[in-house]
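Residue-level structural notes
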Amino acid sequence: MTAVELLAHQGGWDEILLVGGPMVVIAGLLVLAKRRVDAAVEAAPDDDPARR
C-alpha cells in the first residue's frame with residue numbers, strides 16, 4: 001500500500017482523526033489547566049483577601 005492509497009478516503013477513519021484529534025488535544029489542555037488551578041488554590045494562603 002502506498003502513501004497515496006493510505007491518505008485516500010478509507011471509510012471514514014481519516015475524518016474521525018481530523019475531528020477527534022483536535023478534540024483530544026483541547027480536552028488534554030483543559031485537564032492540565034484544571035490541575036494547575038487546583039494546585040494553585042491549595043497552595044494559596046487561607047488569609048488571602050483575593051479569595052473572599
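Report on the accompanying structure. All residue numbers refer to positions counted from 1 along the written sequence of the respective chain. With the structure being a predicted model, the display of local features is reserved for residues of pLDDT at least 70 and the display and counting of side-chain atom pairs for 80 or more, all residues being used for whole-chain, interface and lining totals. Values shown for side chains rest on all heavy atoms present in the structure; no hydrogens or waters enter the calculation.

Strands here are runs of E lasting at least two residues and helices are runs of H or I lasting at least four, both read from the DSSP assignment and numbered beginning at the N terminus. The secondary structure content of the protein chain amounts to two helices and zero strands. Per-residue accessibility, obtained with a 1.4 Å probe over protein chains only, is compared with the maximum for each type, and a residue is labelled buried under 20%, exposed over 50%, and partly exposed between these values. Scored against the burial criterion, the 52 residues of the protein chain give a buried share of 6%. With the model as given, the accessible surface of the protein chain reaches about 4,800 Å², and the carbon-plus-sulfur share is 69%. Method for areas: the Shrake-Rupley scheme with a 1.4 Å probe, in which residue coverage is limited to the protein chains shown.

A surface patch of nonpolar side chains, amounting to about 350 Å² of accessible area, comprises Leu18, Val19 and Met23. On the basis of relative accessibility, which here comes to 55%, the residue Met23 falls in the exposed class. Note on patches: the residues involved have over 30% relative accessible area and no salt bridge, like charges join within 9 Å, and the nonpolar side chains Val, Leu, Ile, Met, Phe, Trp and Tyr join within 5 Å. Between Lys or Arg on one side and Asp or Glu on the other, a salt bridge is scored when a side-chain nitrogen of the former is within 4 Å of a carboxyl oxygen of the latter.

The next point concerns helix α2 (residues 13–43). Here the expected span of a helix is defined as 1.5 Å times the quantity of residues minus one. With 31 residues, α2 extends 44 Å between its outermost C-alpha atoms, agreeing within 8% with the 45 Å of an ideal straight helix rising 1.5 Å per residue. Two axes are fitted around each residue, one to the seven residues ending there and one to the seven starting there, and the angle between them is reported as the bend at that residue. Along α2, the sharpest kink reaches roughly 30°, centred on Gly20 and followed within four residues by the proline Pro22.

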